[in-house]
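# Observations on chain architecture
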Amino acid sequence: MGRIAYLTKRGAVWWYRRRYPVIVIHPSQNNQISVPCCDNGTSLQARGHLAVSLRTRSKREARILGAFISADFERAWAMIEAVMNEHEFDTDMMDAIAMTMAKHFRSLIEKIAHGPASSFPDGVKLRAYRILEQDLRKALGVEGKGIIADAPPTPQVEESPPAEQMCQAERDALAYVEDRDDDYMQGFECFDPDHEPEYPRLAHIGEDARTNDDYYADYVVSDFGLHTHAFRATLSEYLAACERLNLDPSDANAAFPLALKEAMDAAKKIGMFPAPEPKSSPAPAPRKNSTQKFADFAEKYLALRCQGFTLAREDETADAATGRNFERTSLRNWQSSVRLFVEIVGDLPLCDIGKEEVIEFNDWLQRLPKNFGKSSKDKRTARQFIEDADEHDTIGINELIEKLRREGKPPGEIEEAAAAARVVRLSATTMKRHQQALHAILAYAHESGAIDGNPFKGRTLTTSEIKRRKRSERRVERVGWGEDIYALLGSEIFQNELAEQDEPLFWCPLIAMYAGLRLEEILQLRVNDFFSDAGIMAVRVQNEIGSQEVKSENGFRSVPLHKALIDIGLPELVALRRQQGLSRLFPHIERSKSKGTLSAIMSKRFGYYTESRGIKKPGLDFHALRTEFHVRLARAKVPDHVRKGLMGHEQTDVTHKNYYRLGETIEALKEYVDLNDIDHSGVRSPFGKTYHRAAPHLRVVNSANG
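Below, the structure is looked at part by part. All of these numbers come straight from a predicted model, not from anything done at the bench. (Residues numbered from 1 in each chain as written. Predicted model: local features only at pLDDT ≥ 70, side-chain atom pairs only at ≥ 80, totals over all residues. Heavy atoms only, no water.)

## Some remarks on the sheet that holds strand 6 (residues 530–533)
Short version of the rule: Paired strands, as defined in this entry, are two strands with at least two bridges between them according to DSSP. What counts as a helix is a DSSP run of H or I of at least four residues, what counts as a strand is a run of E of at least two, and both are numbered from the N terminus. Note on definitions: angles span 0 to 180 degrees between N-to-C directions of axes, and those axes are lines fitted to C-alpha atoms, for helices only across the stretch in contact.
Taking strand neighbours across the sheet as the criterion, the 3 strands line up as 6-7-8 in an open arrangement whose pairing is antiparallel. Either end of the sheet is taken by a strand with one partner, and the two such strands are strand 6 and strand 8 (557–560). For this sheet, the mean angle separating the axes of adjacent strands, direction not counted, is 35°. With 4 bridges connecting them, strand 7 (residues 536–541) and strand 8 associate as antiparallel partners. By the bridge assignment, A538 is partnered in strand 8 with P560.

Here it is as structure tokens:
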């Protein structure tokens, strides 16, 4: 045994201390999607060190214990690194694993320290280690070469006491070690690579005493769960890897059937699997792969989801409200995922959809242009759309570069022009949405017995892959309208007389920029959502009769009307609807046939209006008006919890989240909302009045008084 690293001495006692290793999580190889060559993976490391007291003053004993811990430590982290490359891990989980490992080693040293040899003087144990070292040198044929260096004499180490001063137990122990050469050497002479020799005992203290093997057996029994957990995880990963590579698990590795056979033999030996009775019922026939077409199966799956089944567990009861919500918010997205899969791969029978088809779909999906399916006039299939975009990004971009070079453009300008001309592809978030929908459909097919496995398992984008892709995606972050808001308010719809007093294109942007409501929330407002409290008029985002949709639990909120909305005439519009006996503020808005929302058509109208008037810029969409409301309040130093309450965001502070649900008073909220300083002077009200900001008062200064 050579020198064992990581041993340190604290006072007279030896300790084992080492830093936890750095684990590198390599990028997933799923989907055969290309990744940058420089992406070498994510590194994680548990904080702190592993520090375990070995509870001995003997250097020889410390080295033996240190060697044992080092071997166990290396095996454990190798297993952890293998598991981490298949699952999502973070630093907190690494710390938890490190703490568990430290606890395991301390427990082990505790058992050894209180074993039968714990009462021996250090001199007796030291002499035993010398004898073991000599035997080991003889067995290895390295006599005369120090395997374990002699420990330097220290005041704390006792020499072997004379035999007459030893107790009977000590004499028995020493005699056993000295007289056991034959048994020990026999273990090496009979060494068989296929049969591990039985380890000799280090100490013996009488017929009735427990041996080290007994204590080690206790350790094996108590920690069996930890080791079997690792085996089960490895078994699951092995089967998944064989499925991914389309290999037979029984033939892929010879150790696999051997391990299963030994486990089955052990189970039968202890009576877990008794022999079947002669007239037992026949085993169920293996299920057959379905020849049903994918589109037909997906249609039935989505019909069940619309009925209120989540199809995530057995014996499920349908919930009608859940079904309606799925049909209203998600059905069309799922249907588009099914159509996309059929267009790229084909409407194959379920039994013909395997790993190759999923990889092919993922490869085409990442090349799909972002604007696919946006125009009803464009009848090209997904494959045609992708092929045209690829041709543009090769031939078209090269022609553009050559043209700019002939014109003498500088390299920086050519690079910018080429980047701007490239086709924008599907975002990682949208890719993941399509993959998750198809994964769920085929998972249900697997659970219902239609297919033997889910080919999408392990072949969807991971969270880390999505984050990496987002860093390279072309996008413009919403930061609010800024001073461009006045270009919008200065356009004709806000300056000219309206044909209809309830024109949504006029009112919706104003409510968004002065109240922070989402477009869908605005269009579904009911007359009863407006109320007066303490003389202050406000609007309540709610779902009074179940016909409105609120994005989350935090979306239920009340917002006082900004003074601009009052000046422009929103209270008059509410009063007009009450006189007409209508319940909706915008009753003539119809839901989109494609998405089933009130906001879909209105969002396109707003986009067309701003683009046709030369107002539209990257990032300046309708939702950015709501962002502008938040930005203005933040610059006015409105408290964070107030802004989150007005925006319908989740409170992150535990006090406001759990103990401050009622929030601020309506008077305080009114003061905060009015701090939004967007100037509405010049906006023409549909009710025949125009607000003009009053000129600032001039203060007269008497020059005689200085």
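That covers the picture; the talk isn't over yet.
## Some words on helix 13 (residues 355–365)
Test applied: The classification of residues rests on relative accessible area computed with a 1.4 Å probe and restricted to protein chains. Under 20% of the type maximum is buried, over 50% is exposed, and intermediate values are partly exposed. Two residues form a contact once any of their heavy atoms are found within 4.5 Å.
If you check which residues of helix 13 are buried, you get E357, V358, I359, F361, N362, W364 and L365. Contacts from the buried residues of helix 13 go to helix 12 (331–345), helix 14 (382–406) and helix 16 (428–447).

## Digging into helix 17 (residues 463–472)
The periodicity of an α-helix, 3.6 residues per turn, causes residues three or four positions apart to be oriented the same way. Applicable threshold: An arc is given here, and it is the one of the directions from the helix axis to the C-beta atoms.
Buried within helix 17 we find E465, I466, R468 and R469. An end-on view of helix 17 places all buried positions within 165° of arc, on one side of the element. Counted as exposed and oriented over 90 degrees from the buried face of helix 17: K467 and R471. On its buried face, helix 17 is in contact with helix 16.

## Concerning a positive patch on the surface
Spelled out, the test is: Think of a patch as exposed residues, more than 30% relative accessible area, with no salt bridge, where like charges cluster within 9 Å and nonpolar side chains (Val, Leu, Ile, Met, Phe, Trp, Tyr) cluster within 5 Å. All accessible-area figures derive from a Shrake-Rupley calculation using a 1.4 Å probe, and residue coverage is judged against the displayed protein chains alone. Only one rule defines a salt bridge in this text: a Lys or Arg side-chain nitrogen within 4 Å of an Asp or Glu carboxyl oxygen. Neither His nor the chain termini are counted; the positive set is Lys and Arg, and the negative set is Asp and Glu. By convention, the point assigned to a charge is CZ for Arg, NZ for Lys, CD for Glu and CG for Asp.
Judged by side-chain charge, K370, K374, R433, K595 and K604 come together as a positively charged surface patch. Summarising the element assignment, K374 is placed in the loop between helix 13 and helix 14. Residue K374 is classed as exposed on the basis of its relative accessible area of 61%.

## Points about the pairing of strand 7
Bridge analysis of strand 6 against strand 7 gives 4 bridges, and the strand direction is antiparallel. For F531, the partnering residue across the bridge sits in strand 7 and is A538. Hairpin connection, strand 6 to strand 7: the antiparallel pair is bridged by 2 residues, and A534 has positive phi, about 55°.

## Some points on the sheet that holds strand 2 (residues 13–19)
Pairing between the strands of a sheet is mediated by backbone hydrogen bonds and can be parallel or antiparallel. Taking strand neighbours across the sheet as the criterion, the 3 strands line up as 1-2-5 in an open arrangement whose pairing is antiparallel. Two strands lie at the open edges of the sheet, namely strand 1 (7–10) and strand 5 (49–53), each paired on one side alone. Between one strand axis and the next, the sheet turns through 30° on average, direction left out of account. Of the strand pairs in this sheet, strand 2 and strand 5 are connected by 5 bridges, and their pairing is antiparallel. Following the sheet pairing, W15 is matched in strand 5 by S53.

## As for the pattern of salt bridges
Inspection of every chain in the model, using the stated rule, returns 22 salt bridges. Among the ionic pairs, E492 bridges to R613, the shortest N-O distance being 2.6 Å. Of this pair, E492 sits in helix 19 (residues 492–495) while R613 sits in the loop between helix 24 (599–612) and helix 25 (623–635), placing them 121 residues apart in sequence. Its relative accessible area of 37% is what places R613 among the partly exposed residues. Overlapping salt bridges bring together D363, R367, D390, D393 and R425 as one network.

## Some points on unusual backbone geometry
Non-glycine residue A534 carries a positive phi angle of around 55°. Structurally, A534 can be placed in the loop between strand 6 and strand 7. Notably, K637 is not glycine yet its phi reads approximately 65°, a positive angle. For K637, a relative accessible area of 72% gives the class exposed.

## What about the environment of G48?
Here G48 lies in the loop between strand 4 (42–44) and strand 5. Between the alpha carbons of G48 and M99 there is a distance of 9.9 Å; along the sequence they are 51 residues apart. With near-sequence residues (within four places) excluded, G48 lies in contact with R19 and Y20.

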